[in-house]
Each structure stands twice: as C-alpha cells, then as structure tokens.
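Coordinate inspection notes
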Amino acid sequence: TATDKAGHRHFMSKEIAEQPDVLANALKYYTTDREGRHLLETGVDFSQFDRIVMVACGTASLACFVSKYWFEQIARIPVEIDIASEFRYREPPLNDRTLTLFVSQSGETADTLAALRYCTGQAGKVVSIVNAMESSIARESDLALPILAGPEIGVASTKAFTCQLAVLASLSLQAARQRGLLDEAGDRELTDQLRRVPGQVTEALAIAPQVQAVSAQLARYEDVLFLGRGALYPLALEGALKLKEISYIHAEGYASGELKHGPIALIDEEMPVVVLTPHDAMFDKTVSNMQEVMARGGKIVMVSDARGLKDGGDGVWQMIEMPKIDGPFAAIAYAVPIQQLAYFTAVEKGTDVDQPRNLAKSVTVE
Ligand code: G6P
C-alpha cells in the first residue's frame, strides 16, 4: 500500500524506486499518443499568453527552473521563476497575457498559497500543478493539474519532483504545438524522447551500486559542490539541496560557467565537486571546467554518459556512468543519481532519512 515501505528501509528509497511506474503513468496522461490524442486535456491554451510566471518553494521551485529551459527552447515562451516567499511581497506586475503556474507537491505550502492568492483575478490564468488534488492550492486556482505521483511520505521530495518535471515537459511540448512551433516529425521525435524517460530512469536506478560506492566516500567530507549546465544547472541546485537536507553535509550548486566567478576559490582536495554532464553539445565546455578544478587539486565526481579518456574523463576521482541519453529531457533521469547520492550518503552517516531534523514535509507557516 501507499503507506508502508514495501520492503524498503526508508520511504525515500521506496519512492525513488517507484519513479519508472509513476512517470510512465503521468506521461501516459500528458503526452499525445500516435494519433495525436491526449488522455488528459489540460485546458490551457499557451497561444494566449506572452509569458509564464512560475512560483513555488524548495524542490518544486527547482522543477520549475529545469522546465524554464524547455519552455524557452522548445516553445519559445519567456519564463520567469520565483520562490513564493519573495514573489508575494514584491507586487510583481501581471496582466491577462500572463500565465501563472504554481507547483506544489502538498498543495498547502503557505507562501505558495499566498502568492497564488495575489495572482487570482490579476493574471490571465492561474494554474496549479499539484500532487494533492484536495488541497487549498488546487482548490483556489483556476485550473489544477495532477502530477499523479501517489502519496509521498519521505520529507525530501523525489518522485514528486520527477513527476513535476514530466508534467512540465509535456506542457512545454503542448505549448510548442499550440504556438505553431512543432512540425509533425519534430513533435513525434520529442514526444518519443519524453516517453523514453521511464525506461531511462529504470536504467539509471540500475547504477545504484556505483552511486553507493561514491556516497561512502562523500560521507567523509564536510563540503560538496555540484555543477551543471543548461537544464542540468537547476538539477545541480537540487543535488546540493537534497544532500544538505538529509545528510547535513554543506553543499552548493552552481552553473558550471560560474565556477571561475567565485566558487573556484574554495577548490581543494577537501571539497569534492559533483559534475552533472550529459555527453551533449555543452560537454566540451564542462570538460574544461572540470580541468580547471583538477588543476587545483580538486576531486571530481563525474556523472555522465560519456565514456573513457577521450571523452574528458581523464583524471576524475569518481565516475558515475549514466545510460546514454539524448535530447532535452535528460535532466529527468539525471535526477536519479543525485537522489541516490543524497540517500546513500545519509544512510552511511546514519541520519534520519525520512524525517530529517528541522524540516517538515509541508510548511504551512511563513
Ligand atoms: C518543504 C519540503 C520540500 C518541498 C517544499 C515545497 O520544504 O521539505 O521537500 O519541496 O516544502 O513543498 P510543496 O508541497 O509546496 O511542493
């Protein structure tokens, strides 16, 4: 059932393992089938809007940030991301060409709800993307879309995060379609890539022994840096957030290209650097960032589908070998090793994985 651990030691590990199934289910509803039909008609017409404003807290805000890359690159619609506690007091201007999107697992986060109330009646449309459909945020929005992740018990969000990503990715394709930016072949290709995500997540789960071995090393450090580019940049932020939440190791996420503008000053053999780098068009740039770290004695944990020396892996401290993944949605499967890195590191340190100190699953106060 939803509320037992089904043989897992923690809810978090159960929820990580559930991801292929819940993602396949969510994608079944939100992507088009071969005949171009949707099981779930979202009721959003993206051609009516000039911009999207996304508001959320914590991990949900990082799902929004990942999806900004998809909405802007694929659907050519500008996206602004804000954390709810900042948004609500800034009095941001909105109009009827603005679509506001509120993303929340629980649907009860106080800051997100307050930000939503600010937008109701001012924005063109107020849409929420939630796990709990019987929540305040779902009720008070013009339209609520479910992420279909099923109950999430572990305080650190895992399957809700990847289901948020799957729904947002599907919406970015819908937006591109409605804005006349996808021909039939392009539509088919991107939809197929998205539908391959659950299989990629299954393959990513299978590399758990590698991730566990790296975690046994990481548990000995006090500071960890996460780097990524493009949609993997917000994922680096999520990797750092997860690690600090449950293992209490200090961690920071940075865009790889920002390394030289500050964090490089911290590099030494005491601060491992986790680099999320699919073998894509940006790979060579990231390799040179890795070399800058290694030249200063830094220890690189490379998470990549690139293999071998010629691919830039020379000299890395630890390698986590991801399955080969092409296309813009690679970030979803890369969520798995960063979740597991945090999970195994926390288990190694003996912390309370499902109930980390000072944190709540749903924050209903400001
Ligand atoms: C808390 C939880 C996080 C979550 C955030 C937003 O901080 O510990 O895991 O990402 O709230 O919650 P929501 O329910 O709005 O997604």
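Everything that follows concerns the structure shown earlier in this document.
Heads up: these notes are all about the structure in this document. This structure is a prediction, so every number in the text was calculated from the model and none was measured. (Residues numbered from 1 in each chain as written. Predicted model: local features only at pLDDT ≥ 70, side-chain atom pairs only at ≥ 80, totals over all residues.)

In terms of regular secondary structure, the chain is built from 13 helices and ten strands. For 366 residues, the compact-globule estimate of 2.2 N^0.38 gives 21 Å, and the C-alpha radius of gyration of the chain, at 20 Å, lies within 12% of that figure. Evaluated residue by residue, the chain yields a buried proportion of 52% over its 366 residues. When contacts within the chain are restricted to residue pairs at least 6 apart in sequence, long-range pairs at least 24 apart make up 75% of them. (Helix = DSSP H or I, 4+ residues; strand = E, 2+ residues; numbered from the N terminus. Rg over C-alpha atoms; globule rule 2.2 N^0.38 Å. Buried ≥ 20, exposed ≤ 12 C-beta atoms within 10 Å, placed from the backbone. Contact = placed C-beta atoms within 7 Å.)

Within the structure, the ligand sits among 16 residues, and Gly58, Thr59, Ser104, Ser106 and Thr109 are positioned closest to it. Ranked by the residues each element gives to the shell around the ligand, the list is headed by helix α3 (residues 58-75), at three residues. (Near = placed C-beta within 6 Å.)

This next bit is on the nonpolar core. Within the largest apolar cluster, 121 residues are counted, with the highest numbers of intra-cluster contacts made by Ala166, Ala331 and Tyr334. Looking at which element gives the most residues to this core, the answer is helix α13 (residues 330-349), with 14 residues. Excluding anything up to four places from it in sequence, Ala166 contacts Leu23, Ala26, Leu27, Tyr30, Val197 and Ile332. (Core = buried A, V, L, I, M, F, W, Y, C linked by C-beta atoms within 7 Å.)

The next point concerns the packing of α3 against helix α7 (residues 159-178). Relative orientation of the contacting elements α3 and α7 amounts to 25°, with a least axis distance of 9 Å. In terms of axis orientation, α3 runs roughly parallel to α7. α3 and α7 meet at a crossing whose hand is right-handed. Of the residues in α7, those in contact with Thr59, Ala60, Ala63, Val66, Ser67, Trp70, Phe71, Ile74 and Ala75 of α3 are Phe161, Gln164, Leu165, Leu168, Ala169, Ser172, Leu173, Ala175 and Ala176. Residue composition of the contact of α3 with α7, by class: 14 nonpolar, four polar and no charged. (Axes fitted to C-alpha atoms, helices over the stretch in contact; angles between N-to-C directions. Parallel < 35°, antiparallel > 145°, perpendicular 65-115°, else oblique. Left-handed = near helix turned anticlockwise from the far one by under 90°. Nonpolar A, V, L, I, M, F, W, Y, C, P; charged D, E, K, R; others polar.)

Right, let's talk about the environment of Lys242 for a bit. Mapped onto the secondary structure, Lys242 falls in helix α11 (residues 232-247). Considering only alpha carbons, one finds Lys242 and Ser157, 85 residues apart in sequence, at a separation of 8.4 Å. If we skip the residues at most four places from it in the chain, Lys242 touches Ala156, Ile338, Gln339 and Ala342.

Remark on secondary structure: sheet strands pair via backbone hydrogen bonds, oriented parallel or antiparallel. Read from one edge to the other, the open sheet built from five strands follows the order β7-β6-β8-β9-β10, with strand pairing classed as parallel. Edge positions in the open sheet fall to β7 (250-255) and β10 (318-321), since each of these has one partner strand only. Direction aside, the axes of adjacent strands within the sheet are offset by 15° on average. The strands touched by helix α10 (residues 208-218) within the sheet are β6 (223-228), β9 (300-304) and β10, with β10 carrying the most contacts at an inclination of about 150°. Its contacts with the sheet put helix α12 (residues 283-295) on β6, β8 (273-276) and β9, and the angle it makes with β9 is roughly 165°. (Pairing = 2+ DSSP bridges.)

Moving on to unusual backbone geometry. At Ala6, a position not held by glycine, the phi torsion is positive, near 45°. Secondary-structure assignment places Ala6 in the segment before α1 (11-17).

This part covers the environment of Asp305. Mapped onto the fold, Asp305 is located in the loop between β9 and β10. Classification of Asp305 by C-beta neighbours within 10 Å gives buried; the count is 20. Considered as a pair, Asp305 and Ile325 are 20 residues apart in the sequence and their alpha carbons are 7.2 Å apart.

All right, on to the pairing of β8 then. With burial as the criterion, each face of β8 is covered, one bearing Val273 and Val275 and the other bearing Val274 and Leu276. Pairing geometry for β6 and β8, over four bridges, is parallel. Within the sheet, the bridge partner assigned to Leu227 lies in β8 and is Val275. Pairing between β8 and β9: four bridges, direction parallel. Bridging across to β9, Val273 finds its partner in Ile300. Handedness of the crossover is the feature at issue here: the chain leaves β8, passes through α12, returns alongside β9, and the resulting connection is right-handed. (Right-handed = clockwise from strand over helix to strand, strands pointing away.)

None of this, on its own, says anything about what the molecule does.
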